[in-house]
Amino acid sequence: MNNKKLAELAIKAKENAYAPYSNFKVGASLVCAGGRIFTGCNVENASYGLTICAEQVAVGKAVSEGCCGFETLVIVSDGEDLCTPCGGCRQFLYEFNPDMLVVSVSSKGEEKSWILKDLLPEAFGLR
Ligand code: THU
């Protein structure tokens, strides 16, 4: 599936974001080895620190279905600018594949991509 289609899936997931505090909705789609795709949206909480990011939701859904060989992550947001994964999400994703392709697509259609390990140099890992 191409990045445009993956962005469309992420936009659909973004519509379900629960973001009453920040009003900043984020959507993600995650492609696993073998081709399965999992989407996620951010889920906020009145206890702000309990908020979970769209990427984490997508990873949790995938892992719970037995998929963890992630190849590509596409992230979209409500903002006009490109939204990149937060530091915590970079670490969360790095666990599974430092060579993952991370693609951000803005609401204006601008697209930029990186290899995850370039977004998190000198990353922490135990494996
Ligand atoms: N957010 C994500 O879902 N992913 C990111 O990588 C950056 C931040 C969410 C968390 C919070 O609900 C909102 O965006 C504002 O920070």
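Above: the structure in question.
Residues numbered from 1 in each chain as written. Predicted model: local features only at pLDDT ≥ 70, side-chain atom pairs only at ≥ 80, totals over all residues. Heavy atoms only, no water.

### Topic: the site of the ligand
Surrounding the ligand, one finds Ser 22, Phe 24, Val 26, Asn 42, Glu 44, Thr 51, Cys 53, Ala 54, Glu 55, Thr 84, Pro 85 and Cys 86. The side chain of Asn 42 places a nitrogen or oxygen atom 2.9 Å from an oxygen atom of the ligand. With respect to the ligand, the backbone of Ala 54 contributes an N or O atom lying 2.9 Å from an oxygen atom. Computed on the free molecule, the ligand has an accessible area of 380 Å², of which 79% lies beneath the protein chains in the complex. Of the residues assigned to the shell around the ligand, the class counts are six nonpolar, four polar and two charged. (Near = heavy atom within 4 Å. Polar contact = N/O pair within 3.5 Å; in protein donor to acceptor, adjacent residues only side chain to side chain. Areas by Shrake-Rupley, 256 points an atom, 1.4 Å probe, with all protein chains shown as cover. Nonpolar A, V, L, I, M, F, W, Y, C, P; charged D, E, K, R; others polar.)

### Some thoughts on unusual backbone geometry
Phi is mostly negative for residues that are not glycine, and the peptide bonds are mostly trans. The phi torsion at Asn 23 lies on the positive side, around 55°, for a residue other than glycine. Here Asn 23 shows up in the loop between helix H1 (3–14) and strand E1 (26–32). Asn 23 sits in the exposed class, given a relative accessible area of 60%. Non-glycine residue Glu 122 carries a positive phi angle of around 55°. (Helix = DSSP H or I, 4+ residues; strand = E, 2+ residues; numbered from the N terminus. Buried < 20%, exposed > 50% of the residue type's maximum accessible area, 1.4 Å probe, protein only.)

### Considerations on a nonpolar patch on the surface
Together, Tyr 18, Tyr 21, Val 43, Tyr 48 and Ile 52 make up an exposed nonpolar region whose accessible area comes to about 510 Å². Counting through the fold element by element, Tyr 21 comes out in the loop between H1 and E1. By relative accessible area, Tyr 21 is classed as partly exposed at 41%. (Patch = residues over 30% accessible without salt bridge, like charges linked within 9 Å, V, L, I, M, F, W, Y side chains within 5 Å. Salt bridge = Lys/Arg side-chain N within 4 Å of Asp/Glu carboxyl O.)

### Examining the nonpolar core
Leu 30, Ala 62, Phe 70, Leu 73, Leu 93 and Met 100 are the most contacted members of the largest nonpolar core, which has 20 residues in total. If you list the elements that add at least two residues to this core, you get E1, helix H2 (54–64), strand E3 (70–77) and helix H4 (116–119). Beyond its immediate chain neighbours, meaning those up to four positions away, Leu 73 contacts Ala 28, Ser 29, Leu 30, Glu 55, Pro 85, Leu 93, Met 100, Leu 101, Val 102 and Val 103. One finds Leu 6, Ala 7, Ala 10 and Val 103 within the second-largest nonpolar core, a separate group that totals eight residues. (Core = buried A, V, L, I, M, F, W, Y, C linked by side-chain atoms within 4.5 Å. Contact = heavy atoms within 4.5 Å.)

### Quick notes on the pairing of strand E5 (residues 111–115)
For strand E4 (residues 101–105) and E5, the ladder comprises five bridges, and the chain directions are antiparallel. Paired with Val 103 across the strands is Ser 113, a residue of E5. The antiparallel pairing of E4 with E5 creates a hairpin that spans five residues between the two strands, and Gly 109 there sits at a positive phi of about 95°. (Pairing = 2+ DSSP bridges.)

### Focus on helix H3 (residues 87–94)
Listed as buried for H3 are Cys 89, Arg 90 and Leu 93. Seen end-on, H3 carries its buried residues on one side only, within an arc spanning 105°. For H3, the secondary structure elements touched by its buried residues are E1, H2, E3 and H4. (Arc of directions from axis to C-beta.)

### Description of the packing of H2 against H3
Contact geometry for H2 and H3: axes closest at 9 Å, N-to-C directions at 20°. Judged on the interaxial angle alone, H3 and H2 are roughly parallel. Of the two possible hands of crossing, H2 and H3 adopt the one that is left-handed. Counting all contacts with H2, which are made through Glu 55, Gln 56 and Val 59, the residues of H3 involved are Cys 89, Phe 92 and Leu 93. Residue composition of the contact of H2 with H3, by class: four nonpolar, one polar and one charged. (Axes fitted to C-alpha atoms, helices over the stretch in contact; angles between N-to-C directions. Parallel < 35°, antiparallel > 145°, perpendicular 65-115°, else oblique. Left-handed = near helix turned anticlockwise from the far one by under 90°.)

Geometric descriptors of this kind do not, in isolation, establish any biological role.
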